[in-house]
Amino acid sequence: MTQILTRNCPPELLQQLGGQGVPPLLARLYAARGVTDASEVDYALKGLLPFGGLKNIHAMAARLADAIAARQRLLVVADYDADGATACTVAVRGLAALGAVIDFIVPNRFEYGYGLTPEIVALAAQQQPDIIVTVDNGIASVAGVAAARARGIEVLITDHHLPGDTLPDALIVNPNQPGCEFASKHLAGVGVMFYVLMAVRAEMRQRGVFAHGGEPNLGELLDIVALGTVADVVKLDRNNRILVDAGLRRMRSGKLAPGIAALFRVAGRAAHKANAFDLGFTIGPRLNAAGRLDDMSLGIACLLAGSEEVATPLAQELDRLNRERRAIEHGMQDEALTVLSGIDAANHYTLTLYRDDWHQGVVGLVASRLKERYHRPSIVFAPGDEGEIKGSGRSIPGFHLRDALDMVSKRHDGLLLKFGGHAMAAGLTIREQDFDTFRQAFEQVARQLLDESALTRVWETDGSLQPRELCLDIAETLAAEVWGQGFPPPTFNDRFHIVSQRLVGGKHLKLRLAKGNVECDGMLFNHGDWLPQQVDAVYQLAANEWQGRKELQIYIQHWQPA
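To keep things clear, this report deals only with the structure shown in the data block. Each chain has its residues counted from 1, running along the sequence as written. In keeping with the model being predicted, local features are shown solely for residues with a pLDDT of at least 70 and side-chain atom pairs are shown and tallied solely at 80 or more, while totals for entire chains, interfaces and linings include all residues. With hydrogens and water excluded, all non-hydrogen atoms of the structure serve as input to the side-chain values.

### Examining the overall build of the chain
Part 1 of the argument: In DSSP terms, a helix is any run of H or I states spanning at least four residues, a strand is any run of E spanning at least two, and both are numbered starting from the N terminus. What the chain contains, in helices and strands, is 17 helices and 17 strands.
Part 2 of the argument: Taken along the three principal axes of its C-alpha coordinates, the chain extends 70 × 60 × 50 Å.
Part 3 of the argument: In this scheme, a residue with accessible area under 20% of its type's maximum is buried, one over 50% is exposed, and one in between is partly exposed, where area comes from a 1.4 Å probe on protein chains only. Per-residue burial over the chain gives 53% buried out of 562 residues.
Part 4 of the argument: Considering only contacts in the chain between residues 6 or more positions apart, those separated by 24 or more positions represent 66%.
Part 5 of the argument: Of the roughly 24,100 Å² that the chain leaves accessible, carbon and sulfur atoms contribute 48%.
Part 6 of the argument: One way to put it: in the chain the 56 positive side-chain charges average out to a point 4 Å from where the 65 negative ones average out. Should any heavy atoms of two residues lie within 4.5 Å, those residues are considered in contact. Here the accessible surface of atoms and residues is derived via Shrake-Rupley with a 1.4 Å probe, and residues count as covered only by protein chains that are part of the display. Charge convention: Lys and Arg are scored as positive, Asp and Glu as negative, and His as well as the terminal groups of each chain are ignored. In plain terms, the charge of a residue is placed at NZ if it is Lys, CZ if Arg, CG if Asp and CD if Glu.

Structure, rendered in structure tokens:
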């Protein structure tokens, strides 16, 4: 079932924003997203929350400043996704600019798994670091920190994930750790590392290190921060929107890292028109492909490249891996749909699938596709270590996936070998022989926590547009804003007359749409059947550019006969 709802737009907020000079359509969109004052969409960097609100930040800054002064060897241990790669890049570039002796390693997903494990500590020890600095991981690495301490290696943890019952015995900066009063709990791992750098620079400034010059401009890292923040799909609260907006402005002005410039080029996108969609759906997936299919060291090397000449072949390889990833994903998705064709998904609260020939690096993407198609919490497994299988899950609103897995774990002692994650995404490891037991236990928990209304897909829209608002200027205005997770891009709902339609690419509909006296082009992707003459459509506006010509295009996301 599908339900279409219009976002609530409080009249008093609409009036207040309009009175502060916000244009009518933007005022309506902002008010529906809880913006109460025009200052909340002022993204000047001076509006960033001060770093002092982060627990342990001053102690972390002092320790790193001491390490830099003493020329101690720092080693960054990163996660293998886009957030981990960007956080590693920011750490290496930022700390090096501050004078650190620094290197990095990133675990290979298939050999070592996630986080600072004792195995990764043993690998790191080969480089003889004095200090390990984790980025985008570490909050759950109790055993890994203990292993490092046993080897005489100090660990500093920067992370943003939710903590477990026990914290590692290390200095931790994480907005989600107990006792941290930082007002934004939604920093990505790269955002946390950027804040640490600001604190270290301030500490060194106070010590007089830059009295004769040499203070680095950390703003040069904001394009990397923006990429990781959007790609990790964290909530774009105002603080994160400030970071993303600053990074996008650097990209549009040509001040972007050579690696990001190369990724834009191989993707066929224009960096001078960069928006959050580009980061989330074009650049981010190419960076993530390295961690999914190969080794994220490739992605980090691309981001660290000092010139486009060095970055271009790395970006080309990332683009090739992304095409390979898409092919694997589509094959697995087709196989998953074949399995589900014999199942009445409407009678299930969850979807849990496994095949022994599926690819571990792509299961999360397939779970996401199944969740989108069936609107059910979905977990997809692939073979892991001997006798084990590794799953990645995606959830729907109202169902906290990590908490649900915690309930399964407590009800079935020993069933989950490892698990972790967030409300909307999580990962876990179980024994292959326990797959059916887990599937039934997960379904049982979902039936306890969900009801039929939660299993109804809801399209939230911003209502209707006037025919005069169906124009290129408005599409470009909307594209320049910072939209994303928790601050959703504008979606509208209108009735259109289908003037013409034709199939393109064998599976997409190219449309000519009319509303009132206005006609415009539209696209309905992955739909090969003809539409009726009139449809009620949920859609987004896009400024499409082809062969130097710009035009408005409507992307239909959902439709039903009028």
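And the narrative resumes.
### A closer look at the packing of helix α3 (residues 57-69) against helix α7 (residues 189-206)
Part 1 of the argument: Fitted lines through C-alpha atoms give the axes, limited to the stretch in contact for helices. The angle between two N-to-C directions lies from 0 to 180 degrees. Contact geometry for α3 and α7: axes closest at 8 Å, N-to-C directions at 65°. Relative to α7, the crossing made by α3 is right-handed. In this structure, α3 contributes I57, M60, A61, A62, L64, A65 and I68 to the contact, and α7 contributes Y195, V196, A199, V200, E203 and M204. It is the rotation of the near helix from the far one that decides the hand of a crossing: anticlockwise by less than a right angle makes it left-handed, clockwise makes it right-handed.

### So, helix α5 (residues 118-125)
Part 1 of the argument: Of the positions making up α5, those classed as buried are I120, V121, A124 and A125. All buried residues of α5 project into a common sector of 140° when viewed along the axis, lining one side.
Part 2 of the argument: Elements in contact with the buried residues of α5: β2 (73-78), β3 (101-105), β4 (131-135) and α6 (142-150). Note that the arc is computed from the directions linking the helix axis to the C-beta atoms.

### Some words on the packing of α7 against helix α8 (residues 222-231)
Part 1 of the argument: Contact pair α7 / α8: the axes reach a minimum separation of 8 Å and the direction vectors enclose 150°. Considering the angle they form, α7 stands roughly antiparallel to α8. Of the residues in α8, those touching α7 at V190, G191 and F194 are L222, I224, V225, G228 and T229.
Part 2 of the argument: Side-chain classes are defined by residue name, with Ala, Val, Leu, Ile, Met, Phe, Trp, Tyr, Cys and Pro counting as nonpolar, Asp, Glu, Lys and Arg as charged, and the others, Gly among them, as polar. Within the contact of α7 with α8, the residues separate by chemical class into five nonpolar, three polar and no charged. Angles below 35 degrees are treated as roughly parallel, those above 145 as roughly antiparallel, those between 65 and 115 as roughly perpendicular, and all remaining angles as oblique.

### Examining the sheet that holds strand β13 (residues 492-504)
Part 1 of the argument: Two strands are counted as paired when DSSP detects at least two bridges linking them. Judged by pairing direction, the barrel is mixed, and its five strands sit side by side in the order β13-β14-β15-β17-β16 before closing back on the first. For this sheet, the mean angle separating the axes of adjacent strands, direction not counted, is 45°.
Part 2 of the argument: Direction of pairing for strand β15 (residues 518-524) relative to strand β17 (residues 549-561): parallel, over a ladder of three bridges. Across the sheet, G522 pairs through a bridge with I554, a residue of β17.

### A few points about the pattern of salt bridges
Part 1 of the argument: For this document, the term salt bridge refers to a Lys or Arg side-chain nitrogen within 4 Å of an Asp or Glu carboxyl oxygen. Following the criterion strictly, the structure yields 31 salt bridges and no others.
Part 2 of the argument: Residues E329 and R325 are paired through a salt bridge, measuring 2.4 Å at the closest nitrogen-oxygen approach. Here R325 and E329 lie together in helix α13 (residues 308-340), a separation of four residues that amounts to about one turn. Both residues of the pair, E329 and R325, count as buried.
Part 3 of the argument: A salt bridge links R431 to D434, with the nearest nitrogen and oxygen atoms 3.4 Å apart.
Part 4 of the argument: Residue R431 is classed as partly exposed on the basis of its relative accessible area of 33%.

### Some words on the side chain of T117
Part 1 of the argument: Inspection of the secondary structure puts T117 in the loop between β3 and α5.
Part 2 of the argument: With sequence-adjacent residues up to four places away left out, T117 is seen in contact with Y112 and G144.

### Concerning unusual backbone geometry
Excluding glycine, residues mostly carry a negative phi; peptide bonds, for their part, are mostly trans.
Part 1 of the argument: One non-glycine residue with positive phi stands out, namely N56, at about 75°.
Part 2 of the argument: Within the element layout of this structure, N56 appears in the loop between α2 (24-32) and α3.
Part 3 of the argument: The backbone of H375 shows a phi angle near 55°, a positive value even though the residue is not glycine.
Part 4 of the argument: Tracing the sequence through the fold places H375 in the loop between α14 (363-374) and β8 (378-383).

### Side note on the environment of H375
Part 1 of the argument: On the basis of relative accessibility, which here comes to 12%, the residue H375 falls in the buried class.
Part 2 of the argument: Beyond its immediate chain neighbours, meaning those up to four positions away, H375 contacts L370, I396, P397, A454, L455, T456 and R457.
Part 3 of the argument: For H375, the side chain forms a polar contact with the main-chain oxygen of A454, separated by 3.3 Å. Residues adjacent in sequence count toward polar contacts only when both atoms are side-chain atoms; beyond that, a polar contact is any pair of N or O atoms within 3.5 Å, and within protein one must be able to donate a hydrogen and the other to accept it.

### Focus on the state of the cysteines
Part 1 of the argument: Disulfides are defined in this document as cysteine sulfur pairs within 2.5 Å. For the coordinates displayed, the defined rule picks out zero disulfides.
Part 2 of the argument: Of all cysteine sulfurs in the structure, the one in C88 sits closest to C302, which takes part in no disulfide; the separation is 13 Å.
Part 3 of the argument: A relative accessible area of 0% means that C302 is categorised as buried.
Part 4 of the argument: A disulfide-free cysteine, C471 has its sulfur positioned 10 Å from the sulfur of C520, the nearest such atom.
Part 5 of the argument: The exposure class of C471 is partly exposed, given its relative accessible area of 25%.

### Things to note about the packing of aromatic side chains
Part 1 of the argument: By convention, a stacked pair of Phe, Tyr or Trp rings (six-membered ring in the case of Trp) has centres within 6.5 Å and planes under 30 degrees apart, an edge-to-face pair has planes over 60 apart, and any other such pair is tilted. Summed over the entire model, instances satisfying the criterion amount to 13 aromatic pairs.
Part 2 of the argument: Here Y354 and F435 contribute two aromatic rings whose centre-to-centre distance is 5.9 Å and whose plane-to-plane angle is 45°, an arrangement assigned as tilted. With Y354 in strand β7 (residues 351-354) and F435 in helix α16 (residues 435-449), this residue pair connects regions lying 81 residues apart in the sequence.
Part 3 of the argument: For F435, a relative accessible area of 10% gives the class buried.
Part 4 of the argument: Note on geometry: a ring has a charge over it if NZ (lysine) or CZ (arginine) is within 6 Å of the ring centre and within 35 degrees of the ring normal. One cation-aromatic arrangement involves R241 over F487; the distance from NZ or CZ to the ring centre is 3.8 Å.

Without other data, these values stay purely geometric and don't point to any function.
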